[in-house]
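Examining the three-dimensional arrangement
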Amino acid sequence: MSPLLTSLVAFGCIFGGAFLGIFIRYRLPDRHLSGDTKDIVRQGTGLIATLASLVLGLLIASANGKFETESSQIKQLTANIVLLDGALKLYGSETDGLRNLMRREVAAMADGIWRENAGSGKAQTFEATDLGMSLYNEVFKLSPKTEAQRFLQTKAIDAITDVGKTRLLLFTNAGGSLPVPFLIVLIGWLTLIFASISLFAESSARAIVVLCIFSFSATAAIFLILELGQPFTGMMMISDQALRNALPAMNL
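Within any chain, residue numbers begin from 1 and follow the written order of that chain's sequence. At least 70 in pLDDT is required for a residue's local features to be given in this predicted model, at least 80 for side-chain atom pairs to be given and counted, and no such filter applies to totals for whole chains, interfaces and linings, which use all residues. With hydrogens and water excluded, all non-hydrogen atoms of the structure serve as input to the side-chain values.

**Some words on the overall build of the chain**
Runs of H or I in DSSP of at least four residues are treated as helices and runs of E of at least two as strands, each being numbered from the N terminus. Counting its secondary structure elements, the chain contains eight helices and zero strands. Reading the chain from its N terminus to its C terminus gives the helix and strand order α-α-α-α-α-α-α-α. In this description, accessible areas are obtained by the Shrake-Rupley approach with a 1.4 Å probe, and a residue is regarded as covered only by the protein chains that are shown. Carbon and sulfur atoms make up 64% of the accessible area of the chain, which totals about 14000 Å².

**Section: the packing of helix α1 (residues 3–27) against helix α7 (residues 205–228)**
Running from N to C, α1 and α7 point in directions that differ by 150°, and their axes come no closer than 9 Å. Relative to α7, the element α1 is oriented roughly antiparallel. Handedness of the α1/α7 crossing: right-handed. For the pair formed by α1 and α7, the contact residues are P3, L4, T6, S7, A10, F11, I14, F15, A18, F19 and I22 on the first element and I208, L211, C212, S215, F216, A218, T219, I222, F223, L226 and E227 on the second. Helix axes use the C-alpha atoms of the stretch in contact, all axes being lines fitted to C-alpha atoms, and the angles between their N-to-C directions lie in the range 0 to 180 degrees. Any angle that is under 35 degrees is reported as roughly parallel, and any over 145 degrees as roughly antiparallel; angles of 65 to 115 degrees are reported as roughly perpendicular and all others as oblique. Helix crossings fall into two classes, left-handed where the near helix is turned counterclockwise from the far one by less than a right angle and right-handed where it is turned clockwise. We call two residues contacting when some pair of their heavy atoms lies within 4.5 Å.

**Overview of the nonpolar core**
We define the nonpolar core as a collection of buried residues of types Ala, Val, Leu, Ile, Met, Phe, Trp, Tyr and Cys that are connected through side-chain atoms lying within 4.5 Å of one another. Burial here depends on accessible area, computed with a 1.4 Å probe over protein chains only, as a share of the maximum for the residue type. Under 20% is buried, over 50% is exposed, and the range in between is partly exposed. I81, I113, V139 and I222 are the most contacted members of the largest nonpolar core, which totals 54 residues. Element by element, the count of residues in this core is highest for helix α2 (residues 36–91), at 14 residues. When sequence neighbours within four positions are dropped, the list of residues in contact with I113 reads I74, L77, R167, L170, F232 and L243.

**Focus: helix α5 (residues 147–172)**
End to end, α5 covers 38 Å across 26 residues, agreeing with the expected 38 Å (1.5 Å per residue, within 8%). For α5, the full list of buried residues reads Q149, L152, Q153, A156, I157, A159, I160, V163, T166, R167 and L170. Elements that come into contact with the buried residues of α5 comprise α2, α3 (96–116) and α4 (134–141). Working rule for helices: expected span equals 1.5 Å times residues minus one.

**Section: the pattern of salt bridges**
Criterion for a salt bridge: a side-chain nitrogen of Lys or Arg within 4 Å of a carboxyl oxygen of Asp or Glu. Applying the stated criterion across every chain yields a total of seven salt bridges. For R99, the salt bridge identified is with D85, shortest N-O distance 3.0 Å. Here D85 lies in helix α2 and R99 lies in helix α3, a separation of 14 residues in the sequence. We note that R99, like D85, is buried.

**Re the packing of α2 against helix α6 (residues 180–199)**
Direction vectors running N to C along α2 and α6 enclose 145°, while the axes themselves pass 9 Å from each other. For the element pair α2 and α6, the recorded crossing hand is left-handed. Facing α2, whose interface residues are V41, T45, I48, A49, L51, A52, V55, L56 and L59, α6 presents F182, L186, W189, L190, L192, I193, S196 and L199. Its residues placed into classes, the contact of α2 with α6 shows 15 nonpolar, two polar and no charged. All residues other than Ala, Val, Leu, Ile, Met, Phe, Trp, Tyr, Cys, Pro, Asp, Glu, Lys and Arg, Gly among them, are scored as polar; the first ten of these are nonpolar and the last four charged.

**Brief notes about the packing of aromatic side chains**
In this scheme Phe, Tyr and Trp rings, the latter by its six-membered ring, pair at centre separations within 6.5 Å, and the angle between planes marks the pair as stacked below 30 degrees, edge-to-face above 60, and tilted otherwise. Tallying each qualifying case throughout the model produces four aromatic pairs. Seen in terms of ring centroids, F15 and F19 are 5.0 Å apart; in terms of plane orientation they differ by 75°. Their pairing is edge-to-face. Of the two residues, F15 and F19 are both situated in helix α1; the distance of four residues between them amounts to about one turn of the helix. By relative accessible area, F15 is classed as buried at 15%. Between W114 and F232, the ring centres sit 5.0 Å apart and the planes meet at 85°, which makes this aromatic pair edge-to-face. Of this pair, W114 sits in helix α3 while F232 sits in the loop between α7 and α8 (241–244), and the two are 118 residues apart along the sequence. Of the two residues, W114 and F232, neither departs from the other in class, the shared state being buried.

**Quick notes on a nonpolar patch on the surface**
Within the patch definition used here, like charges are joined within 9 Å and nonpolar side chains (Val, Leu, Ile, Met, Phe, Trp, Tyr) within 5 Å, considering only residues with over 30% relative accessible area and no salt bridge. A surface patch of nonpolar side chains, amounting to about 790 Å² of accessible area, comprises M1, L4, L5, L8, V9, L224, M235 and M236. Here the element with the most residues in the nonpolar patch is α1; it accounts for four residues. Locating M235 in the fold gives a position in the loop between α7 and α8. The exposed category is assigned to M235, whose relative accessible area is 65%.

**Thoughts on α2**
With 56 residues, α2 ought to run about 82 Å at 1.5 Å a step, and its terminal C-alpha atoms sit 82 Å apart, in line with that. Remark: G92 follows α2 within two positions and exhibits a positive phi of approximately 145°.

**Notes on the environment of F214**
With respect to the secondary-structure elements, F214 resides in helix α7. With 199 residues separating them along the chain, F214 and F15 place their C-alpha atoms 8.7 Å apart.

Next up, the structure:
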């Protein structure tokens, strides 16, 4: 289920909790909604609200950390590819074929990364590309004739190794960051909070509008968590243009 659809379901549950409180208010006699009962409900609501606010804050921080980490990994991957191309270019004309191979395989690598991290929920199989296998073998087979070429060959091998490590990290970190049972419990807490608020609130159009705004605000926090937890899809998707355009066309 997409973050937007999940958030809409959450909004329906949370805002529905407000109407549940209003319904209970009209069904119960006034003596059950005053005195000690009101104090107990308010104290319990305060406890749950504190727990929910702490959990929301931790989840937002965790999801934002995941987003920033994977965004940095894409930037590092792009930088290593550019450095690799530069090292091969400085090595000499005998690496032109390898550099052309890189340009073909960068797009395939980008497709694989964004497909694996699309958040479909299905198990993905790691797909190695020539950028990490054949290219490594070809660079290793180079026969440097000077110290400069030997140095550039070493740097190229190091860059390919770094690309492979980052690629594997992106694959192993694929998937959403918020388990479904956790989300259900969080929505349940928020629903209970709004039901408790409306239980003792004035049943007017103004109060309902205010509760709707508050429900939307709580739902926006959930939407933000879900979006940040899936950096390679959705409205806040990490752009793949920098990776795809990292290597300019060769003028041979």
